[in-house]
Amino acid sequence: MKFILEIEVADNETSFAEKFFKKVSFVKKVRPIAANEITNPAVLQSIEAYEQGKLKPTPLNLAELKAMINT
């Protein structure tokens, strides 16, 4: 079973948090995530499919886009 744990750590505590989690026996991987990094697997797969030409973009006008964002 795999769990993904999201925690927020102050900048001055980052190295402590990384060392702490690496010492826990069942933690396999520890790495910070950049503020602009996409981590949602569905979004990543969608981007990959688009880049490989498997998925075509859906054209929409600005009004449709605003309506989609505001719902």
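Predicted model, so just to flag it, every value in this text is computed and none were measured.

As enumerated under the stated definition, the model contains two aromatic pairs in all. Plain terms: the ring middles of Phe16 and Phe20 are 6.3 Å apart, the flat faces sit at 25 degrees to each other, and that makes the pair stacked. Residue Phe16 and its partner Phe20 are both found in helix α1 (residues 14-23); the two are separated by four residues, about one turn of the helix. Note on Phe16: relative accessible area 54%, which makes it exposed.

Moving on to the pattern of salt bridges. Scanning all chains against the criterion turns up one salt bridge. Across the salt bridge formed by Glu37 and Arg31, the nearest N and O atoms sit 3.0 Å from each other.

A few words now on the layout of surface pockets. Of the volumes computed, that of the largest pocket is approximately 1,400 Å³. Forming the boundary of the largest pocket are 28 residues, of which Ile4, Leu5, Lys29, Arg31 and Ile33 lie nearest the centre. Here the lining of the largest pocket takes four residues from α1, the largest share from any one element. Across the lining of the largest pocket, the residue classes break down as 17 nonpolar, two polar and nine charged.

Across the protein, the average pLDDT comes to 87, with 99% of residues at 70 or higher. Here helix α3 (residues 62-69) is the element of the protein with the lowest mean pLDDT, 87, and helix α2 (residues 41-51) is the one with the highest, 92.

Its side-chain oxygen at 2.9 Å from the backbone nitrogen of Ala42, Asn40 defines the N-terminal cap of α2. In the stretch just after α2, Gly53 is the one whose phi turns positive, near 80 degrees.

Cut-offs applied
Residues numbered from 1 in each chain as written. Predicted model: local features only at pLDDT ≥ 70, side-chain atom pairs only at ≥ 80, totals over all residues. Heavy atoms only, no water. Phe/Tyr/Trp six-rings, centres within 6.5 Å; stacked < 30°, edge-to-face > 60°. Helix = DSSP H or I, 4+ residues; strand = E, 2+ residues; numbered from the N terminus. Buried < 20%, exposed > 50% of the residue type's maximum accessible area, 1.4 Å probe, protein only. Salt bridge = Lys/Arg side-chain N within 4 Å of Asp/Glu carboxyl O. 1 Å grid on protein atoms, 1.4 Å probe; cavity = no way out; pocket = protein on both sides within 12 Å on 5 of 7 lines; lining within 4 Å. Points joined across faces, edges and corners; volume = space filled by probe spheres on them. Nonpolar A, V, L, I, M, F, W, Y, C, P; charged D, E, K, R; others polar. pLDDT = per-residue confidence, 0-100. Polar contact = N/O pair within 3.5 Å; in protein donor to acceptor, adjacent residues only side chain to side chain.

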